[in-house]
Amino acid sequence: MKQKINPENLDELDKLAGFRSRFHNPKNEIYLDGNSLGKLPIETKKRVSDLIDNQWGENLIRSWNDYWLELPKKIASKIASLINADQNEVLVGGSTSVNLYKLGCALINSGIYPKQLLTDSLNFPTDNYILEGISKQYSISKPVRITYSSDLKADISKLKKVISEQPGILCLSLVTYKSAYLYPIKKLNEHAKKNKSIIIWDFSHAVGVVNIDIKATETLVAIGCTYKYLNGGPGSPAFMYIHKSLIPYFNSPIQGWFGHKKPFDFLEYYEPSDGIEKFGAGTQHIISLAALEVGIDITLEAGIKNISSKSKKMSTYLMKVIKEELVPLGYVIESPDKCDDRGSHVTLSHDFSWQICQCLTNPNVDKVKITPDFRPDRFIRLGLAPLYLSFKDLEITISRLKEIIINEEYKEKEKTRPVVT
Ligand SMILES: Cc1ncc(COP(=O)(O)O)c(C=O)c1O
């Protein structure tokens, strides 16, 4: 006989349950889109308004010396501790796209690796656009785009074979945005090294929820965003990681004054900083950094091991219930079956995926609003942010997904989609 799991029991055992109250939680909404934009920590409002009123308002320009010049370094070292990198191996600032551009150019210019860019069909579009742009800029062949038989997971033997045959500079998303597939990062780093290649890991869908260990996985370079599971806020500064042994060989393609050895000496010529700071360019986004620090602090306080362990429990629970209760209703599981092959979202599809999403987000008055996201052409992503979600939230979501099909609610919704889904 199948054993029914009681979500209330799981919530009682949840060590992180108390963290929910640290976030602004809109009434009557279950938010399953923390894999796109994390929630607002309550402390962020206070921190940002203090910065605006006191540091900017009262202290004005003096705040650069008093607080702001040190802020990026302080935050970078917190990100470093989260991913088990050294303090001086991480730079915070810019967007993931721009950081990938800087890193991609630096890798090509270094001459250490074959000048062949590679990506795969599971990678996030911006990463592929950036690589394509770099290949045009350097007049090298177009990036090799490795394809697999499904959107769901990489074929690791094919990926390894391509790396052996066409070594170069790869970019892969550690957790893929569609299915949440999680690559065997250590194995691939080792294979790349054997083949004189390097992998730029995009940690955007992983950082703050997957227990990333730079040292144990022998990762050499990475980028990532902070507005998802780190709850840094819309457009919060991204980060870049470079292994200390490689920093001396890499230079930024943008020689801005914030990458200069002595930016405030206003010297005539550019001289790059010795450290990873040379990848800085212009003035830092101080207000956004202040907001980001709160999100990172909450994550550090909760502990990445605890967060990742709850994420695994949540996705295991969800997959079990989806198989038992949703698959018979026409839902298809679009995420890997094995927990260790998944990041922290579970993706579903259905013939009526878009209409189902609308039923969840715009329910009848008496129903709870549930916010997943939709990715073309058919993917409903249920993002599991352990800091503010409960198992009960997941149970309610499952029962809504059932109801929408059984009661044919989806038939009342539009087939057309707006720009942001
Ligand atoms: C894997 C991945 N890479 C890059 C990006 C884009 O980052 P940015 O807009 O900060 O350049 C995203 C955004 O969702 C993403 O998921």
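Residues numbered from 1 in each chain as written. Predicted model: local features only at pLDDT ≥ 70, side-chain atom pairs only at ≥ 80, totals over all residues. Heavy atoms only, no water.

Colleague: Describe the overall build of the protein, with residues and values.
Modeller: For the protein, the count of helices and strands is twelve helices and 13 strands. Rg of the C-alpha trace for the protein: 22 Å, near the compact-globule value of 22 Å for 421 residues, within the 12% margin. Oriented by its inertia axes, the alpha-carbon framework of the protein measures out at about 70 × 60 × 40 Å. Here the contacts in the protein between residues at least 6 apart in sequence split such that 72% fall between residues at least 24 apart. Accessible surface for the protein amounts to roughly 19100 Å². Of this, 53% is attributable to carbon and sulfur atoms. Distance from the positive charge centre (55 side chains) to the negative charge centre (49 side chains) of the protein: 4 Å. (Helix = DSSP H or I, 4+ residues; strand = E, 2+ residues; numbered from the N terminus. Rg over C-alpha atoms; globule rule 2.2 N^0.38 Å. Contact = heavy atoms within 4.5 Å. Areas by Shrake-Rupley, 256 points an atom, 1.4 Å probe, with all protein chains shown as cover. Lys, Arg positive; Asp, Glu negative; His and termini not counted. Charge placed at Lys NZ, Arg CZ, Asp CG, Glu CD.)

Colleague: How would you explain the domain arrangement of the protein if you had to name every residue and give the values?
Modeller: Assigned domains of the protein: these are domain 1 (7–31 + 303–412) and domain 2 (45–301). Measuring from the centre of the C-alpha atoms in domain 1 to the corresponding centre in domain 2 gives 29 Å. Across the boundary between the two partners, domain 1 contributes 31 residues, which contact 24 residues of domain 2. Here K153 and D341 are joined by a salt bridge, their closest N and O atoms 4.0 Å apart. Linking domain 1 with domain 2 are 15 residue pairs in polar contact (both at pLDDT 80 or more), by the criterion used here. When residues of the side of domain 1 that touches domain 2 are traced back to their parent elements, those giving at least two are α10 (304–326), β10 (345–349) and β13 (379–383). Per-element tally for the side of domain 1 that touches domain 2: the top contributor is α10, with five residues. Residue composition of the side of domain 1 that touches domain 2, grouped by class: 13 nonpolar, nine polar and nine charged. (Domains from an automatic or database assignment. Salt bridge = Lys/Arg side-chain N within 4 Å of Asp/Glu carboxyl O. Polar contact = N/O pair within 3.5 Å; in protein donor to acceptor, adjacent residues only side chain to side chain. Nonpolar A, V, L, I, M, F, W, Y, C, P; charged D, E, K, R; others polar.)

Colleague: If you had to explain the site of the ligand to someone new, which residues and values would you point to?
Modeller: Neighbouring the ligand are the residues S95, T96, S97, F124, T126, D127, S173, D202, S204, H205, Y227 and K228. For the ligand, an oxygen atom lies 2.5 Å from a polar atom in the side chain of S97. D202 is positioned such that a nitrogen or oxygen atom in its side chain is 2.6 Å from a nitrogen atom of the ligand. When isolated, the ligand has an accessible area of 400 Å², and the protein chains bury 85% of it. Looking at the shell around the ligand, the elements that each hand over two or more residues are α5 (96–110) and α6 (125–137). Looking at the shell around the ligand residue by residue, the classes come out as two nonpolar, seven polar and three charged. (Near = heavy atom within 4 Å.)

Colleague: Residue-level account of the side chain of N35, with values.
Modeller: In this structure, N35 sits in the loop between β1 (29–31) and α2 (42–58). Since its relative accessible area comes to 0%, N35 is described here as buried. Those residues in contact with N35 that lie beyond four places of it in its chain are H205, K228, Y229, H345, D373, R381 and G383. (Buried < 20%, exposed > 50% of the residue type's maximum accessible area, 1.4 Å probe, protein only.)

Colleague: Could you give me a rundown of the sheet that holds strand β8 (residues 239–242), with the residues and numbers involved?
Modeller: Spatially, seven strands are ordered β2-β8-β7-β6-β5-β3-β4 in an open sheet, and the strand pairing comes out mixed. Whereas interior strands pair on both sides, the edge strands pair on one side only; in this sheet they are β2 (90–92) and β4 (144–146). Sheet twist, expressed as the average angle between the axes of neighbouring strands with direction ignored, equals 20°. Where strand β3 (residues 117–120) meets β4, three bridges bridge the pair, whose relative direction is parallel. Across the sheet, D120 pairs through a bridge with I146, a residue of β4. Set on the sheet, helix α4 (residues 71–82) makes contact with β2 and β8; between it and β2 the angle comes to about 125°. (Pairing = 2+ DSSP bridges. Axes fitted to C-alpha atoms, helices over the stretch in contact; angles between N-to-C directions.)

Colleague: Help me get a handle on the pairing of strand β7 (residues 221–224), residues and values and all.
Modeller: Residues of β7 alternate between two faces, with V221 and I223 on one and A222 and G224 on the opposite face, all of them buried. Inspection of the sheet shows strand β6 (residues 198–202) paired to β7 by three bridges, in the parallel sense. By the bridge assignment, I200 is partnered in β7 with V221. In terms of strand pairing, β7 meets β8 through four bridges, oriented antiparallel. In the strand pairing of β8, G224 is matched with F239.

Colleague: Pulling in residues and values, what's your account of the nonpolar core?
Modeller: Side chains of a nonpolar character, in soluble globular proteins, are inclined to be buried together. Grouped together as the largest cluster of nonpolar side chains are 96 residues, with contacts concentrated most on L159, Y183, W201 and F203. Residue contributions to this core peak at nine residues, all from α10. Taken domain by domain, this core gets at least three of its residues from each of domain 1 (7–31 + 303–412) and domain 2 (45–301). Listed in part, the 26 residues of the second largest apolar core include L91, I130, I198 and M240. (Core = buried A, V, L, I, M, F, W, Y, C linked by side-chain atoms within 4.5 Å.)

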